[in-house]
Amino acid sequence: MVADDDIKAFIRQVAGTVYHPCGTCRMGQDDSAVVDPELRVRGVEGLRIIDASVMPAIPSPNIHPATIMIAEKGSDIVARSLVA
């Protein structure tokens, strides 16, 4: 008979997810937002987050197009800040 701890250890070793990580650095204007609407990390000068982590939730379709849109918007923001 296999012990419960062995089963749990096996699951931890081989289990995965089909979800793409996103939403870990919420964008917003309130005090609990990690990133502002210009993708700047609050409280850290010169750092922006331009990836799926700024999404507030996992989108129902494939995450790839939304991530590309964030990257395009982020590149525009960075390019605009270099010209200013």
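Look above for the structure.
In short, a report on the structure. (Residues numbered from 1 in each chain as written. Predicted model: local features only at pLDDT ≥ 70, side-chain atom pairs only at ≥ 80, totals over all residues. Heavy atoms only, no water.)

1. A word on the side chain of aspartate 36
Reasoning step 1: Position of aspartate 36 among the secondary structure elements: in the loop between α1 (4-14) and α2 (63-83).
Reasoning step 2: Judged by its relative accessible area of 15%, aspartate 36 falls in the buried class.
Reasoning step 3: Of the polar contacts made by the side chain of aspartate 36, one reaches the side chain of arginine 40; its length is 2.7 Å.
Reasoning step 4: Excluding residues that lie within four positions of it along the chain, aspartate 36 makes contacts with Met27, Gly28 and Arg42. (Helix = DSSP H or I, 4+ residues; strand = E, 2+ residues; numbered from the N terminus. Buried < 20%, exposed > 50% of the residue type's maximum accessible area, 1.4 Å probe, protein only. Polar contact = N/O pair within 3.5 Å; in protein donor to acceptor, adjacent residues only side chain to side chain. Contact = heavy atoms within 4.5 Å.)

2. Quick notes on the state of the cysteines
Reasoning step 1: Under the definition given, this model contains zero disulfides.
Reasoning step 2: Cysteine 25 forms no disulfide, and the closest cysteine sulfur to it belongs to cysteine 22, at a distance of 11 Å. (Disulfide = S-S within 2.5 Å.)

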